[in-house]
Each structure stands twice: as structure tokens, then as C-alpha cells.
Amino acid sequence: MEATLAAAEILITRWECKKTTIKMLFQSTAEEVRIYMETVDNLQRLMEYLSAVGTDAAGIIRAQRLMKMAMIRLEKEFHKILLSNSKPIDPDRESSARPSFSSSNCLSVNRLCEFDMVPLDAVVDLRRIAQRMAKSGYASESIRVFVLSRKSVVEESLYNLGVDKVTVKDVRKMKWEFLDEKIKKWIHGAKISIRILVAREKRLCEDVFEGLDKMRDACFAEIAKETTGRVFALAEGVAATSLTPERIFRVLDLYEAVTDLMRDIEATYCQNSFPSVHEHKIVTKLGEAARGMLKEFDKAIEKENSKAASPGGIIHPLTRYVMNYLTFLSDYKETLVNITADAPEELPKRLPDDYAVHNPCDPLSVHLGWAIFLLLCKLVKKSDMYKVVALSYLFLMNNLHYIVQKVNGSELKYILGEDWVRNQWNRVRQYALNYERSAWMKVLWSITDEEDAGRGGISSGQGLKEKLKGFNSAMEEVKRRHSGWVVPDVVLREKLGISITEKLVPAYSSFLTRFRSQFESDTLVKYTPEEVQDFVLDIFKDRPLSVSFTRS
């Protein structure tokens, strides 16, 4: 017993008074480390023996004093090894070190998995120290040093990944352009933070505190709590910030990212370190924020009160804005299904049958169907601004055709359903027919007056002159009125022109064929049937309109 105490005292005090350039035990030779650790083990066994016997109080006190000195030494060594062998994640450093990656392209999660792990030999040394500190009653000191050291590494890693420490107040003060860029960086950085950084810390805790479950869980719980709180701070701030409806897409990006990360957390975190209800509520709050923005969007449609009519019956800016908005929303179909299902919206009234969606029990389908219905109601009111009835129908035809095209070319087609699309195509055709009747029936009637034909008045020379003059006058009026009228869609324009010519040209040709012999001269025939056809087919080509919209 005395020999063991004497040997331990010589070795332990020698390292505390060492005058050589080597100040740290684990920077010396492996043999010196082995001897020191064996000495600590022997001292520990001696203390257990003396405590069990209880007859040598002086020996126990002496052994405890030496053990305290040894533990202070090992705590310093523990801290030094952690500092010397830990480096934060730095995507810029890693990408510049590997030419195959550029700083403009973020490193993949798989490649980052290869980086920044504490070397295996250092892990082995840390484990040896942790085991002895735990056995000697210094577990809390070991946990404290480990957590403080790793927190500093984690904090720097988060900063390098663009996951800054922010508060709700900070987020509310940010200009949108800055916040938008911050969210984009956060989404990538947060994924690496949870999937790589936290997973790495869990693995390190498992390796260092192997067989020391309580110490392992305590360390990881503290590190994970700190990391998760910082990672989710920005999302929490955004959820608590009032944003305009057009910002919803970034909110939905955040919602998807946080939802995915929560699944990663469930798979990575142990029970004692799993995030609190607070973290889970962030997903709920983001969903609430998105639903609020959808309601504000509906209100914005209803409140739109521009007084100027769209020139030439072109597509109204409101139509473009609403349909581009809804088209992009449909890209988030699965996410929106979850968000709207959590709190279905009660509409002011039931959708009319012609506007009913395929699944009236689906809150998302009903909501988007309602938004388009509000738009269509607004467009009908705007059509009243036109003094010419034919132009009002042309306006409605153009706008509804644009709406249905947008629906057909996106996920909206599946959200609203085939019946909805078919009903709106029928409405487009009806608007086109109403336009034809309003704009062209006067021209057609001028040469197909059945009542005159029955009396035989049309065959008189004066009657023919009046008919031709009426036809020419009606054509000139159509030409004058249609100056600047537009049908932007090429296919719709061609179909409309063909529909008109199929009614007008045969009637005009028949009229000329039947009565040409009675004309005194050809001067009254201002148009040939071919010219009438060309006129109709070219009437909307004066101002072609190119439509494009790109999502950023």
C-alpha cells in the first residue's frame, strides 16, 4: 500500500512540477502515457480498498489528494486534446481544397460526411481519460469540459454554414431582400447542421463515452439542444413575422425544410436529447403563417380596384398575377395539402356548380378553386368598363382562356379536376360565340335579310345597292372598332377567325353569286370573298402579345 502511494506521488507530482518543454502528458511518449494511466488505475484500486477496510484515514486522505491532482491533470489533457483535434465545418475551405468543387456550389452532404471528424487516435485518448475520470467521481468535470469545447466548434461551424444566431426581433427588422437571401442560405446550412454536424457530435459522444451511457447522453443532449435552438431560430422568427402574400413561397420552402429536418432529428436524437415541444411548434407556426398569407391573397383579389380597362381586351395584369401565383403554389401541392388540412378554411359561400372542384372535401382544392372564382368574378365586373359589348366578351374570352391554359399546364389541373377544366373550356367557347354575335351579326344580317328576300325586295337594283352599302359599312365599322383589339393566343386567334369566316364568307359568296348579274357595275363590290376571309383572319394580328414569366 505504501509503495503504491509513494510511486503514485512521485509520478503525479513530477508531472505537475515538470520543467521540460513538454508540458502535456499526451504530447510525450506512449510509454509515459501508459505508465501514468496505470498509476491512476492502481491509485483508484487502492482507494477502493482503503474505503472498504476503513482503518487508514491518513492513507485515504493522501490517496484522495493525489487522485485530485491526477484528475486536474487529466482534465487539462482532455481539454487540450479536444482543442487540438477539432476543427469546424467550413464549406469554403473544403471546396477550395478540392478543385472538383467550387465555392459557388455548396458541397454535398455525402462529401461533408468525410470531413471534420476528430482523429481516431485522439478519440481513443479521450475515451481513456473519460473512463478514469468517471470511475474516480469526476464525471461532471469531464462532461463540462467536453460540452464547452464542442459547443465552440459547433458554434463556429454554424456560422460558416450561414446559420447565424438571430432572434424574432432581428428577423422582423430585416429588409425582405436580405431575409430572402438569408433563408436560402439557411435551408442548405440547416440541413448540413442537423444531418452532418449533429450526427457527427452524436457519434463523437458515443465514441468518447463508450460504455458511459449517462455521460454520453448528457453531453449530446446539451450540444443538441444548443444546436437545434440556433438552427431553428430563423424559422421561428419568420413564422412570427407578418409577410405579404407573395412571400409565401419562401415560407413554404422553410416549412418543407423544417419538416424534413424534424424527421432527421427523430432518427438521430436520443430520447433525452429530443427537441422540446417548442421546436415542434415552429412547424405549426409556419403552417399558420402560410394559411394566413393565403387568406390575405384572397382579400387582395377582392380589394383590387383598378379603374382602367385593359386596352384591346388583353389579359388583365390581375389575371397574370393571380394565375402565376397559383401556378407556383401548385408546385407545393403536397406541402399545401398538409398545411390546409390542419385547419380547413370556411368559405363565405359554396362554389357554384360550374366552378366546383373535383374533390370538395379537399381543403386545398376548394381554396384554390375559390381564389380563381374570386378572380373570375372580378373580371366580369371589369368587363363592364368596356363601352363596346363585343370587346367585353373578347376580354372575358382572352382572360379565361389564359386561366385555363395556366391550369392545364400545371399541377392545378389535378388539384381542380377535369370537370372544372371542361366547364371553363365551355365557358371560353361561349364567350367566343357571344363575341361573334355582338361583333359580326350586323355584317352577316346585312346580306341575309330573310324578310326582304321573301318579299323579293332584295332583287331590285336599289335594294341591292343598299345591301352592298350596308355590308361595306358594317365591315368598315368592324375594322374601325377592332383597331387595337387583341387575341394574344395564336391558336385561339386562328380558331376564332376560322369560326367567323365559316359563317360569313359562304354567306357573302352566295350573295354575290346570286345577284352579281343585277349589279350595274362592280364598283359597289368593295370586297371579294377572299379579301373578306383575309381580313377576318388578320384582324387580330396588329398587336401580337408575347407572354412569359420566370420563377426565381
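Since we're looking at a predicted model, the values are computed, not measured.

### So, the overall build of the protein chain
A count of helices and strands for the protein chain gives 23 helices and 0 strands. In the protein chain, buried positions account for 49% of the 552 residues. Nonlocal contacts in the protein chain, meaning residues at least 24 apart in sequence, comprise 79% of its contacts between residues at least 6 apart. Element-wise, carbon and sulfur atoms account for 52% of the exposed surface of the protein chain, whose accessible area totals about 27,700 Å².

### Looking at the packing of aromatic side chains
Evaluation of the coordinates by the stated rule reveals 14 aromatic pairs. Between F297 and Y325, the ring centres sit 3.8 Å apart and the planes meet at 10°, which makes this aromatic pair stacked. Pair noted here: F297 is in helix α13 (residues 277–303) and Y325 is in helix α14 (residues 317–330), with a separation of 28 residues, a long-range link. As far as the burial class goes, F297 and Y325 line up, both buried. Residues W440 and F535 carry aromatic rings whose centres are separated by 6.3 Å and whose planes lie at 70° to one another, so their mutual orientation is edge-to-face. With W440 in helix α19 (residues 418–445) and F535 in helix α23 (residues 529–538), this residue pair connects regions lying 95 residues apart in the sequence. The class for W440 is buried, based on a relative accessible area of 5%. Judged by its relative accessible area of 16%, F535 is buried. Note that R320 overlies the ring of Y402, its terminal NZ or CZ placed 5.3 Å from the centroid.

### With respect to the environment of H358
Locating H358 in the fold gives a position in the loop between α15 (333–342) and α16 (363–383). Along the sequence, H358 and G369 sit 11 residues apart, while their C-alpha atoms lie 9.9 Å from each other. Not counting residues up to four positions away in its chain, the partners in contact with H358 are S365, Y414, I415, L416 and G417. Here the side chain of H358 touches Y414 through a polar contact of 3.3 Å, landing on its backbone oxygen.

### Let's talk about the environment of K173
Positionally, K173 belongs in helix α8 (residues 168–173). Overall, the relative accessible area of 62% leaves K173 in the exposed class.

### Observations concerning the nonpolar core
Counting residues in hydrophobic clusters, the biggest one holds 170 residues, and the most contacted among them are W186, L326 and W440. Here this core takes 14 residues from helix α9 (residues 176–208), the largest share from any one element. In contact with L326, other than residues within four places in its own chain, are F297, L368, A371, I372 and L412.

### Here we look at the pattern of salt bridges
Tallying each qualifying case throughout the model produces 32 salt bridges. With its nearest N and O atoms 3.2 Å apart, the salt bridge here joins E222 to K151. Residue E222 is found in helix α10 (residues 213–231), and its partner K151 is found in helix α7 (residues 139–160); the two are separated by 71 residues along the sequence. Classification of E222 by relative accessible area gives partly exposed; the value is 36%.

### A word on the confidence of the model for the protein chain
Put simply, the protein chain has an average pLDDT of 85, and 87% of its residues get 70 or more. In the predicted structure, residues 450–457 sits below a pLDDT of 50 and forms 5 contacts with residues beyond four places in sequence or in another chain. Note on residues 543–552: pLDDT is under 50 here. Beyond four places in sequence and across chains, it has 13 contacts.

### Quick look at the state of the cysteines
A full pass over the atoms with the stated rule returns 0 disulfides. Lacking any disulfide linkage, C219 is separated from the closest cysteine sulfur, that of C205, by 5.3 Å.

### Things to note about α7
For α7, which comprises 22 residues, the first-to-last C-alpha distance of 32 Å matches the rise-based estimate of 32 Å (1.5 Å per residue) to within 8%. Residues of α7 that are buried sit in contact with α3 (57–84), α6 (120–135), α9 and α10. Looking one or two residues beyond α7, the residue adopting positive phi is G162, at roughly 85°.

### A short note on the side chain of S136
Position of S136 among the secondary structure elements: in the loop between α6 and α7. Other than its neighbours up to four places away in sequence, S136 contacts Q44, M67 and M71.

### Describing the packing of α6 against α7
For any two helices packed against each other, one specifies the inter-axial angle together with the distance between the axes. Contact geometry for α6 and α7: axes closest at 7 Å, N-to-C directions at 140°. Taking contact as the criterion, the partners of A130, M133 and A134 in α6 are, on α7, A139, E141 and S142. Classifying every residue of the contact of α6 with α7 gives 4 nonpolar, 1 polar and 1 charged.

Conventions used here
- Residues numbered from 1 in each chain as written.
- Predicted model: local features only at pLDDT ≥ 70, side-chain atom pairs only at ≥ 80, totals over all residues.
- Heavy atoms only, no water.
- Helix = DSSP H or I, 4+ residues; strand = E, 2+ residues; numbered from the N terminus.
- Buried < 20%, exposed > 50% of the residue type's maximum accessible area, 1.4 Å probe, protein only.
- Contact = heavy atoms within 4.5 Å.
- Areas by Shrake-Rupley, 256 points an atom, 1.4 Å probe, with all protein chains shown as cover.
- Phe/Tyr/Trp six-rings, centres within 6.5 Å; stacked < 30°, edge-to-face > 60°.
- Lys NZ or Arg CZ within 6 Å of the ring centre and 35° of its normal.
- Polar contact = N/O pair within 3.5 Å; in protein donor to acceptor, adjacent residues only side chain to side chain.
- Core = buried A, V, L, I, M, F, W, Y, C linked by side-chain atoms within 4.5 Å.
- Salt bridge = Lys/Arg side-chain N within 4 Å of Asp/Glu carboxyl O.
- pLDDT = per-residue confidence, 0-100.
- Disulfide = S-S within 2.5 Å.
- Expected span 1.5 Å × (residues − 1).
- Axes fitted to C-alpha atoms, helices over the stretch in contact; angles between N-to-C directions.
- Nonpolar A, V, L, I, M, F, W, Y, C, P; charged D, E, K, R; others polar.

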